[in-house]
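The residues making up each chain are set out below.
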Amino acid sequence: MASKIKVIITDDQQEVKVPTGIRMLLRRACTAVLVHEGFGKSAEVGVRFVDNEEIRRLNKKHRNMDDATDVLSFPLGEGGIYDANPESGALLLGDVVISLPRAVEQARLYGHTLQRELAFLTVHSMLHLLGYDHEAGGLEAVRMREKEEKVLVQLGLPRGHNYIFEE
């Protein structure tokens, strides 16, 4: 059986309308990370859109940081070992929580599309779910950034990709 990824996307915020095509893009981003990393197994990931207030609450609760951030990762595995969904056998990688209003702000700030920003945040968070960490900086942070850019190029969203899709 070929490996598959199930990406469960929920929108728990009212501030920003999720643009057409974003759900498909995020599924493609999750898949691209797993392919790039040679994961080779079926997997499940949750992606949840929230507002700045909710991401701030989660950041304070789980990281003891009392501020809104752009994305939080909640890995379910450790050291490459994951629980499996008993019905499908898919490995449960964890959850990605994205502040959609913050993503809109950052896309404007960096001069690129919301699509690229959300793809970047998803790819970044997926790497965290697979055990990568950039918090200490150094070589690990450089490796993670390189992997992010390679996947974004594969998705057709390289750095400097700044045309804007208008609704």
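Our structure is the block above this text.
Throughout this description, residue numbers start from 1 for each chain and increase along the sequence as written. In keeping with the model being predicted, local features are shown solely for residues with a pLDDT of at least 70 and side-chain atom pairs are shown and tallied solely at 80 or more, while totals for entire chains, interfaces and linings include all residues. Values shown for side chains rest on all heavy atoms present in the structure; no hydrogens or waters enter the calculation.

Here's the deal with the pattern of salt bridges
So the rule is basically this: For salt bridges, the criterion is a side-chain nitrogen of Lys or Arg within 4 Å of an Asp or Glu carboxyl oxygen. Each helix is a run of DSSP H or I of at least 4 residues and each strand a run of E of at least 2, with the numbering of both proceeding from the N terminus. Each residue's exposure class comes from its accessible area (1.4 Å probe, protein chains only) as a fraction of the maximum for that residue type: buried when under 20%, exposed when over 50%, partly exposed otherwise.
Using the criterion set out here, one finds eight salt bridges in the structure. As a salt-bridge pair, R48 and D12 come within 2.7 Å of each other at their nearest N and O atoms. Residue R48 is located in strand β2 (residues 43-50), and its partner D12 is located in the loop between β1 (5-11) and α1 (22-36); the two are separated by 36 residues in the primary sequence. For D12, a relative accessible area of 42% gives the class partly exposed. Between E105 and R102 there is a salt bridge, with the nearest N and O atoms lying 3.5 Å from each other. Here R102 and E105 lie together in helix α3 (residues 100-110), a separation of three residues that amounts to about one turn.

Observations regarding helix α4 (residues 114-129)
The cut-off we apply is this: Expected span of a helix, by definition, is 1.5 Å for each gap between consecutive residues, and there is one gap fewer than residues.
The end-to-end C-alpha distance of α4, which contains 16 residues, comes to 22 Å, matching closely the 22 Å that a straight helix rising 1.5 Å per residue would cover. Of all 16 residues in α4, 16 are buried, a share of seventy percent or more. Just downstream of α4, G131 is the residue with a positive phi angle, here 105°.

Remarks on the packing of α3 against α4
Inclusion rule: Only the stretch in contact is used when a helix axis is fitted, and all axes are lines through C-alpha atoms; the angle between N-to-C directions ranges over 0 to 180 degrees. By convention the crossing between two helices is left-handed if the near helix lies anticlockwise of the far one by an angle smaller than a right angle, and right-handed if it lies clockwise. What makes two residues a contact is simply this: any of their non-hydrogen atoms within 4.5 Å. The nonpolar class holds Ala, Val, Leu, Ile, Met, Phe, Trp, Tyr, Cys and Pro. Asp, Glu, Lys and Arg form the charged class, and all remaining residues, Gly among them, are polar.
In contact at an axis separation of 8 Å, α3 and α4 are set at 120° when each is read in the N-to-C sense. Between α3 and α4 lies a crossing of right-handed hand. Residues L100, A103, V104, Q106, A107 and Y110 of α3 touch α4, and the partners they reach there are L114, E117, L118 and L121. Here the residues of the contact of α3 with α4 are counted per class, giving eight nonpolar, one polar and one charged.

Structural notes on the pairing of β1
The two faces of a sheet get side chains in turn, since along a regular strand they alternate between them. For clarity, the threshold we go by: Each pair of strands is called paired provided DSSP finds at least two bridges between the two strands. With strands facing away from the observer, any crossover in which the path from the first strand over the helix to the second runs clockwise is taken as right-handed.
Pairing between β1 and β2: seven bridges, direction parallel. Considered in β2, the bridge of I5 is made with A43. Between β1 and its parallel partner β2, the chain crosses via α1, and the hand of that crossover is left-handed.

Side note on the sheet that holds strand β4 (residues 91-99)
Strand order in the open sheet made by the four strands is β1-β2-β4-β3, with mixed pairing throughout. Of all strands in the sheet, those with a lone pairing partner are β1 and β3 (71-75), marking the two edges. The average angle at which neighbouring strand axes cross in this sheet is 15°, direction not considered. Contacting β1, β2 and β4, α1 crosses the sheet at an angle of about 140° to β1.

Digging into the pairing of β4
By the criterion of burial, β4 is predominantly enclosed, with seven of the nine residues buried. Note: β2 against β4, eight bridges, orientation parallel. Note that in β4 the partner of E44 across the bridge is L92. Pairing of β3 with β4, which is carried by five bridges, proceeds in the antiparallel orientation. Note on β4: the bridge partner recorded for L72 is V97.

Overview of the packing of aromatic side chains
Two aromatic rings, taken as a pair, are described by how far apart their centres are and by the angle between their planes. Under the convention used in this document: Aromatic pairs are defined between Phe, Tyr and Trp rings, using the six-membered ring for Trp, whenever the two ring centres lie within 6.5 Å; interplanar angles under 30 degrees are classed as stacked, those over 60 as edge-to-face, and all others as tilted. Look at NZ for Lys and CZ for Arg. If either is within 6 Å of the ring centre and within 35 degrees of the ring normal, a charge sits over the ring.
Counted by the stated rule, this structure contains one aromatic pair. Over the ring of F39 we find K41; its NZ or CZ atom is 5.3 Å from the centre of that ring.

Digging into α3
This is how the line gets drawn: As used in this structure description, the phrase polar contact means that two N or O atoms lie within 3.5 Å; if the pair is within protein, one of them must be able to donate a hydrogen and the other to accept it, and residues adjacent in sequence are counted only when both atoms belong to side chains.
Along α3, the residues that are buried comprise L100, P101, A103, V104, Q106 and A107. Buried residues along α3 sit against β2, α2 (52-63), β4 and α4. Measuring from the backbone nitrogen of R102 back to the side-chain oxygen at the start of α3 gives 3.2 Å, which picks out S99 as the cap. Once α3 finishes, G111 follows within two positions and takes phi at roughly 70°, a positive value.

In short, geometric facts, not functional conclusions.
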